[in-house]
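Tertiary structure, described
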Amino acid sequence: MHRIVFLDRDSLQARLRPPAFVHAWRDHPNTAADQVVARLQGATVAVTNKVPLRAGDLARLPDLKLVAVAATGTDHIDLAACRAAGITVANIRDYSVVSVPEHCFALLLALRRNLRAYAADVEAGRWERSNRFCLLDHPIGDLAGSRLGIVGYGALGRRVAQLGRAFGMRILASSRSPVADGDVVQLPLGELLAASDVVSLHLPLSAETRHLIGAAELARMQPHALLINTARGGLVDETALAEALLAGRIGGAGFDVLAQEPPDPANPLLRLRLPNFLLTPHVAWASAGAMQTLADMLVDNIEAWAAGQPRNLVA
């Protein structure tokens, strides 16, 4: 009988159906780093959304056979240690192809139309005191006709491109693989940054992509350009971004992720109070529909592994 332990069940607000095999399942709302080994003693399956599983802990868990990641990203899992120990790792893919792109455009539209500044004006009573029917104190831009640069052209990147087309945007892409969409101009990253009115990141975090966007890359962007990140916080040098925003070197940024989560209070992005910067707490993935899809796929992965037909393998 398989023993399944979900280390951070409260991270997933959805119904989990019982796997269709004999098992024992235990949920923990959340798990601290020093609790991982004790809670996984005797477990054959560990379920984790964001609780790290490192080499030292894995070495003390001889019964563990599967890490079922309740997310797409696996940078919190020591994949090399899992391979060495014969532990299978499976993740969830393409569950948020609606939720994340919609959040991306929510940030983009709010920034391009200066919604934060105008909402603050209304709350401060400035509209009531206006001598005309509207306030026009902040610039408003259209998406139609602008260039949307997508960095990473997988399922999420393609969906963002689809929404961009609906708004009349021209699509640029930077991707390791050839882009088949005929209307997409594929460019190296540096050229895309220089040519885009909006840059949206849709890459996993790895040693190669960490700080992909730093001071030099931000300097290549146009002064009116927006940077949107609903992927991973570590893709961007956050200190460099804060400096670029404060100096007015880019037009604005909308972020849903930070390099450390929950964030370090010293993170410079947390202290920004700018109308052209929006930060949301890693919720782009978390529509009700996306979370239920994730929950169903999570159990699908566990059942497939138990049946000897593992899927969505990372290690």
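Everything below is about the structure printed above this text.
Below: a short report on this structure. (Residues numbered from 1 in each chain as written. Predicted model: local features only at pLDDT ≥ 70, side-chain atom pairs only at ≥ 80, totals over all residues. Heavy atoms only, no water.)

This brings us to the packing of aromatic side chains. Scanning all chains against the criterion turns up two aromatic pairs. Seen from their ring centres, Phe255 and Phe277 are 6.4 Å apart, and the 50 degrees between their planes marks the pair as tilted. Of the two residues, Phe255 is situated in strand 11 (residues 252–255) and Phe277 in strand 12 (residues 277–279); the sequence distance between them amounts to 22 residues. You'll find Phe255 and Phe277 in the same group, each marked buried. (Phe/Tyr/Trp six-rings, centres within 6.5 Å; stacked < 30°, edge-to-face > 60°. Helix = DSSP H or I, 4+ residues; strand = E, 2+ residues; numbered from the N terminus. Buried < 20%, exposed > 50% of the residue type's maximum accessible area, 1.4 Å probe, protein only.)

With their axes 9 Å apart at the nearest point, helix 4 (residues 99–112) and helix 6 (residues 155–166) run at an angle of 50 degrees to one another. The angle between helix 4 and helix 6 falls in the class oblique. Here helix 4 runs over helix 6; the crossing is right-handed. Between helix 4 and helix 6, the contacting residues are Val100, Pro101, Glu102, Cys104 and Phe105 on the first element and Leu156, Arg159, Val160, Leu163 and Gly164 on the second. Taken together, the residues of the contact of helix 4 with helix 6 break down into seven nonpolar, one polar and two charged. (Axes fitted to C-alpha atoms, helices over the stretch in contact; angles between N-to-C directions. Parallel < 35°, antiparallel > 145°, perpendicular 65-115°, else oblique. Left-handed = near helix turned anticlockwise from the far one by under 90°. Contact = heavy atoms within 4.5 Å. Nonpolar A, V, L, I, M, F, W, Y, C, P; charged D, E, K, R; others polar.)

Our next topic: the side chain of His282. Its place among the elements puts His282 in the loop between strand 12 and helix 10 (288–306). Looking at His282, the relative accessible area reads 19%, which means it is buried. Ignoring sequence-local partners within four residues, the contact set of His282 consists of Lys50, Arg232, Asp256, Val257 and Glu261.

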